[in-house]
Amino acid sequence: MTALNQLTLTQAREGLAQGEFSAVELTDSYLGAMEAARALNSYTAETADKARDMAARADARIASGDAGPLEGLPLGVKDMFATEGVATTACSNILKNFVPTYESTVTSHLWRDGAVMLGKLGNDEFAMGSSNESSAFGPVVSPWRREGDATPLVPGGSSGGSAAAVAAYLCAAATGTDTGGSIRQPAAFTGTVGIKPTYGRCSRWGIIAYASSLDQAGVFARTVNDAAILMRSMAGHDPKDSTSVNLRVPDYEDAVGASVRGKRIGIPREYRVDGMSQEICELWEQGADMLRDAGAEIVEISLPHTKYALPAYYIVALAEASSNLARYDGVRYGERVPGKDIIDMYERTRAAGFGPEVRRRIMIGTYVLSAGYYDAYYLKAQKVRTLIKRDFDDVYAQGVDAILTPTTPSPAFGIGEKGSGDPVEMYLQDVFTVTVNLAGLPAMSVPAGFSSDGLPLGLQLIGRPFQEETLFSLGQVIEDAAGRFPVEDLWWSK
Amino acid sequence: MSVDIGTVRRVAHLARISVSEEELPALQGELNAILAFVEQLSELDVSDVEPMTSAVPMTLPLRADEVTDGHYPDRILANAPEAEGGFFTVPKVVE
């Protein structure tokens, strides 16, 4: 019999409903796996007592016929979501002792629907990074290894803890946040399904802000259907976030398995970037074939301003970050370092509290917003953003339903391999994903193949605004054709 | 566009991050690498383009101007490094 923690979320839901096991048994299975997987460093906090308590209450509701849609399902939460009474640090020293007195809207939806919280999952500091190496808790180690090679690999970032924990069976599914690819890139690196919905689909209230016009919550799961189940609970209007939209949330599970016959899938020629490896090119072609075989029509499209997305992203994101992170001043929360006056106190507090990548990004953001440079940088980047959005609007107006691209330009890399000399090297990880955030669109990464050294690779599906259902239908077609990519060697627990 | 050491020092102060003199050259190199990267945007003529102000077209909602939340100072101050008498406290600002 499969260990309970290795069941998919969909299977676990069925098992609980049929009374094959209890929520407490399921939760204990995860807590045991978490204890044996501390070498992966995916959790920043394990909330075992809270989890057992929530599971016991879930069992009581199942017994009395009051089960919610996620009743008894054990989940992990990225440490960017405020969780009441549980340390929420953004993996930064400046928030190391921060214990929120409130719950983020997205996580409150999960608990409302009966889910069990196993703990908080690591990320790059303030979600700034593509490898989870900038966390104040140290890097998260991927459960994946190259064939015949024990080099520790990154799980991607910024939601690296979420991706590693879902892939390593340390939670049934997890929340993530995605500002430039922070769900999709780690999903691709770990053989998991990751979806970032349309900007406005999930409330940002209670999520630690990085770049407010780009940030969006989303899901990591082991199957497309699992992601659909969680997405439905997380989404929905919230008066506390003025950018959250008041639209009906569909039952995304209905879209899983729906026919994609006649759907028009665009292949953007500008995503064939210089130096893209042969195996990524082949994966992309195989993905197009899978969708064609299921009755979709594949068309070549052009998104002419793609090459400007990454520079525009880094201006917009860093400018907004410098503004958002101004609040960490040692006054209202976080660690304070005393100084000779209040300015000195701010400067010492922030120098001690922020790691090098965060400090670098705040400084760039401060520079591009400083007097005399606003028009040349931020305003210009927002105009480029209009052009990037228009590229997508044009292809959708021509009848394209979704766009297929690779998720990342390469498979997972080793811890310490990238970005130590030049920060831009790491930024290039996001080349296929940032366009989506700039245009506010929904996108999903689905595992679709292996690299030559045995690591999972992902394909990205980009949808029309608020048409996440199309992504779930197309994602299931790829999952059916390519199969799933479960981690088979649990080397860390031996 | 590239920045000199003096600009890095000024930006660090504007960002309220204390930076030692020894750290400045390395930061200057990193900042210039990022600024050189975003310089690609200068190829584009955007004089006739409106800047994006909202990722998804929407009108910001309005609500009645009334108190809907609050009255729990203890919770607000729970994470403050220093608090006294229901207030955040900071080093003396006015002489």
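Our subject is the structure listed above.
Described below are features of the structure shown in this document. The model shown is predicted, which means the values in this text are computed figures rather than measured ones.

So, about the overall build of chain A. Broken down by element type, chain A carries 15 helices and 11 strands. Computed over the C-alpha atoms, the radius of gyration of chain A is 21 Å, within 12% of the 23 Å expected from 2.2 N^0.38 for a compact globule of 494 residues. Going through the 494 residues of chain A one by one, you find that 61% of them count as buried. In chain A, 77% of the contacts between residues at least 6 apart in sequence involve partners at least 24 apart.

We now examine the overall build of chain B. Looking only at helices and strands, chain B has three helices and two strands in total. Start at the N end of chain B and walk to the C end: the helices and strands fall as α-α-α-β-β. Taken over the C-alpha trace, chain B has a radius of gyration of 22 Å; the compact-globule value for 95 residues is 12 Å, which it surpasses by more than 25%. Burial statistics for chain B: of 95 residues in total, 14% are counted as buried.

Across its 16 residues, helix α9 (residues 309–324) of chain A extends 22 Å between first and last C-alpha, which sits within 8% of the 22 Å expected from 1.5 Å per residue. Within α9(A), 14 of the 16 residues are buried, leaving the element largely enclosed by the surrounding structure.

A few words on the nonpolar core. All names here are of chain A. Judged by nonpolar contacts, the single largest core of 163 residues is most densely connected at Leu75, Val116 and Ala173. In terms of residues, this core owes the most to one element, α9, which gives 11 residues. The residues contacting valine 116, other than those within four sequence positions of it, are Ala23, Thr27, Ala51, Met54, Ala55, Ala58, Gly72, Leu73, Pro74 and Leu75.

What follows covers the packing of helix α1 (residues 5–14) of chain B against helix α2 (residues 24–38) of chain B. For any two helices packed against each other, one specifies the crossing angle of their axes together with the interaxial distance. All names here are of chain B. Where α1 meets α2, the axes come as close as 9 Å, and the angle between the chain directions of the two elements is 95°. Looking at the two axes, α1 sits roughly perpendicular to α2. Counted together, Ile5, Val8 and Arg9 of α1 and Leu24, Leu27, Gln28 and Leu31 of α2 form the full contact between these two elements. Its residues placed into classes, the contact of α1 with α2 shows five nonpolar, one polar and one charged.

Before going further, it helps to spend a moment on the interface of chain B and chain A. With 39 residues of chain B in contact, the opposing surface of chain A contributes 54 residues. Every element with two or more residues in the side of chain B that touches chain A is listed here: α1 and α2 of chain B. The residue inventory of the side of chain B that touches chain A, partitioned by class, reads 31 nonpolar, three polar and five charged.

Before going further, it helps to spend a moment on the pairing of strand β6 (residues 216–221) of chain A. Among the six residues that make up β6(A), six are buried, leaving the element largely enclosed by the rest of the structure. The side-chain alternation of β6(A) yields two buried faces, one formed by Gln216(A), Gly218(A) and Phe220(A) and the other by Ala217(A), Val219(A) and Ala221(A).

A few words on the environment of Lys240(A). All names here are of chain A. Relative to the helices and strands, lysine 240 is located in the loop between α7 (224–234) and β7 (264–268). Assessed through the 13 C-beta atoms surrounding it within 10 Å, lysine 240 is described here as partly exposed. For the pair lysine 240 and glycine 206, spaced 34 residues apart in sequence, the C-alpha separation works out to 9.4 Å.

All names here are of chain A. Their axes nearest at 9 Å, the elements α7 and helix α15 (residues 468–482) cross at an angle of 160°. By the angle class used here, α7 and α15 are roughly antiparallel. Residues Val224, Ala228 and Met231 of α7 form the contact with α15, whose own contacting residues are Glu468, Phe472, Gly475, Gln476 and Glu479. Grouping the amino acids of the contact of α7 with α15 by side-chain chemistry returns four nonpolar, two polar and two charged.

Residues and elements named next belong to chain A. When you tally the buried positions in helix α5 (residues 160–167), you get eight out of eight residues, the bulk of the element. Listed as buried for α5 are Gly160, Gly161, Ser162, Ala163, Ala164, Ala165, Val166 and Ala167. Here the buried face of α5 lies against β1 (43–46), β2 (74–78), β3 (116–121), β4 (173–178), α6 (184–190) and β6.

Here we come to the sheet that holds β7(A). The strands that make up a sheet pair up through hydrogen bonds in the backbone, lying either parallel or antiparallel. Residues and elements named next belong to chain A. Spatial strand order, β1-β3-β2-β4-β6-β5-β10-β11-β9-β7-β8: 11 strands in an open sheet with mixed pairing. Where the open sheet ends on each side, the last strands, each with one partner, are β1 and β8 (297–301). Neighbouring strand axes in the sheet, compared pairwise and without regard to direction, differ in orientation by 30° on average. The pairing of strand β9 (residues 402–406) with strand β11 (residues 456–463) spans five bridges and is classified as antiparallel. Residue isoleucine 403 lies in a different strand from β11, and its bridge partner there is isoleucine 462.

Each value, and the rule that gives it
Here the residue numbering is sequential within each chain, running from 1 through the sequence in written order. Chain labels run from A onward and ligand labels from 1 onward, assigned in the order the entries are written. Per-residue local features of the predicted model are confined to residues with pLDDT of at least 70, and side-chain atom pairs are confined, for both listing and counting, to 80 or more; whole-chain, interface and lining totals are unaffected and use all residues. Put simply, DSSP marks the helices as runs of H or I at least four residues long and the strands as runs of E at least two long, and each gets a number from the N terminus on. Radius of gyration here uses only the C-alpha atoms, and the compact-globule reference equals 2.2 Å multiplied by the residue count raised to the power 0.38. Any residue whose C-beta has 12 or fewer other C-beta atoms within 10 Å is treated as exposed, any with 20 or more as buried, and any in between as partly exposed, C-beta atoms being built from the backbone. Here the contact rule is simple: place C-beta atoms from the backbone, and any two residues whose C-beta atoms are within 7 Å are in contact. Take the number of residues in a helix, subtract one, and multiply by 1.5 Å to get its expected span. We define the nonpolar core as any set of buried residues of the types Ala, Val, Leu, Ile, Met, Phe, Trp, Tyr and Cys, connected via C-beta atoms lying within 7 Å of each other. Angles here are taken between N-to-C directions and fall from 0 to 180 degrees, while the axes themselves are lines fitted to C-alpha atoms, restricted in helices to the stretch in contact. In these notes the angle categories are as follows: under 35 degrees is roughly parallel, over 145 is roughly antiparallel, 65 to 115 is roughly perpendicular, and the rest is oblique. Lys, Arg, Asp and Glu make up the charged group, whereas Ala, Val, Leu, Ile, Met, Phe, Trp, Tyr, Cys and Pro make up the nonpolar group; the residues left over, Gly among them, are polar. Note on pairing: two strands pair once DSSP finds at least 2 bridges between them.

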